[in-house]
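Structural features, examined
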Amino acid sequence: MRRWKVGGALIPHGDGLVLVCNRRKDGSVEWTPPGGVIDAGETVLGGLAREVREETGLVVASWSHRTYTVTVEAPDMGWLMQVEAWLAAEVTGDVVIADPDGIVEEVRFAAGHEAPSLLSVSPPWVQVPLIDWLAGGVNDEYRFALHGTQRRTDRVERLA
């Protein structure tokens, strides 16, 4: 089973947060917090700071705490993804997209009332914890299973 670690940055803005629009290989878009795969040899916070800078141009000078974790298992596709979402404490800089992967198309300072609509095109493992966090009722851990072989169309089951 292929395993990887992902970091997600919760960067508050007013009553909302910073979101990025990602263009996927199938042409679809997903709105997510900035972040991405933590490279071999990187710490989660080091890799997450790099991802935020690449995707948004923003520099996270310090982190508050890990807000929640998400585990997604896709047995039919042979992968397991573990996500750590961290709350940014101090952020500086201006928005500049310099994503080396060419996935990020837009950065938005999404108001609290706007975020759920944007997140509606994202997988449940992105939507559920973020909407909980915005509502002030986040859990420590979320677990999902993806059944099938097509990430965008197969059945997602929430386990915890």
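Numbers given to residues run from 1 along each chain, matching the order in which its sequence is written. Thresholds applied to this predicted model are a pLDDT of at least 70 for local features of residues and 80 or more for the giving and counting of side-chain atom pairs; totals over whole chains, interfaces and linings are not thresholded and use all residues. As a convention, hydrogens and water are excluded, and side-chain values are obtained from all of the structure's heavy atoms.

With respect to the overall build of the protein chain
Of regular secondary structure, the protein chain possesses 3 helices and 10 strands. Note on conventions: DSSP H or I runs of at least 4 residues are helices, E runs of at least 2 residues are strands, and numbering of each starts at the N terminus. From first element to last, N terminus to C terminus, the protein chain shows the α and β order β-β-β-β-β-α-β-β-β-α-α-β-β. A globule of 160 residues ought to have a C-alpha radius of gyration of about 15 Å, and the protein chain, at 15 Å, matches this closely. For the protein chain, with 160 residues in total, the buried portion stands at 46%. A fraction of 63% describes how many contacts in the protein chain between residues 6 or more apart in sequence connect residues 24 or more apart. Here the protein chain has roughly 7,900 Å² of accessible surface; of this, 49% comes from carbon and sulfur atoms. Note on method: radius of gyration uses C-alpha positions; expected globular size equals 2.2 Å times residues raised to 0.38. Residue burial is assigned from relative accessible area. The probe radius is 1.4 Å, only protein chains are included, and a residue is buried under 20% of its type maximum, exposed over 50%, and partly exposed in between. Any pair of residues with heavy atoms lying within 4.5 Å of one another is described as a contacting pair. All accessible areas in this document rest on Shrake-Rupley with a 1.4 Å probe, and a residue is counted as covered only by the protein chains that are shown.

Brief notes about the sheet that holds strand β10 (residues 155-158)
Across a sheet, paired strands are connected by hydrogen bonds in the backbone, their directions being either parallel or antiparallel. For two strands to be treated as a pair, DSSP must find no fewer than two bridges joining them. With respect to topology, 6 strands assemble into an open sheet ordered β5-β1-β7-β6-β9-β10, the strand pairing being mixed. Lying at the two open borders of the sheet, with one neighbouring strand each, are β5 (35-37) and β10. When the angles between neighbouring strand axes are averaged without regard to direction, this sheet yields 25°. To obtain each axis, a line is fitted to C-alpha atoms, and for helices this fit is confined to the stretch in contact; angles are then taken between N-to-C directions over 0 to 180 degrees. On the sheet, helix α1 (residues 44-56) packs against β1 (2-10), β5, β6 (59-74) and β7 (79-92) and is oriented at approximately 120° with respect to β5.

Considerations on the packing of aromatic side chains
Aromatic rings considered in pairs are described by the distance between their centres and by the relative angle of their planes. Between rings of Phe, Tyr and Trp, where Trp is taken as its six-membered ring, a pair exists when centres lie within 6.5 Å; planes separated by under 30 degrees are stacked, by over 60 edge-to-face, and by other angles tilted. Going through the model one piece at a time under the given rule, you end up with 2 aromatic pairs. With 5.7 Å between their ring centres and 80° between their planes, Tyr68 and Tyr142 make a pair best called edge-to-face. On the criterion of sequence distance, the pair formed by Tyr68 in strand β6 and Tyr142 in strand β9 (residues 141-147) is long-range, its members being 74 residues apart. Judged by its relative accessible area of 5%, Tyr68 is buried. For a ring to carry a charge above it, either NZ of a lysine or CZ of an arginine must fall within 6 Å of the ring centroid while also lying within 35 degrees of the normal to the ring plane. The ring of Trp4 has Arg2 lying over it, and the distance from NZ or CZ to the ring centre is 4.2 Å.

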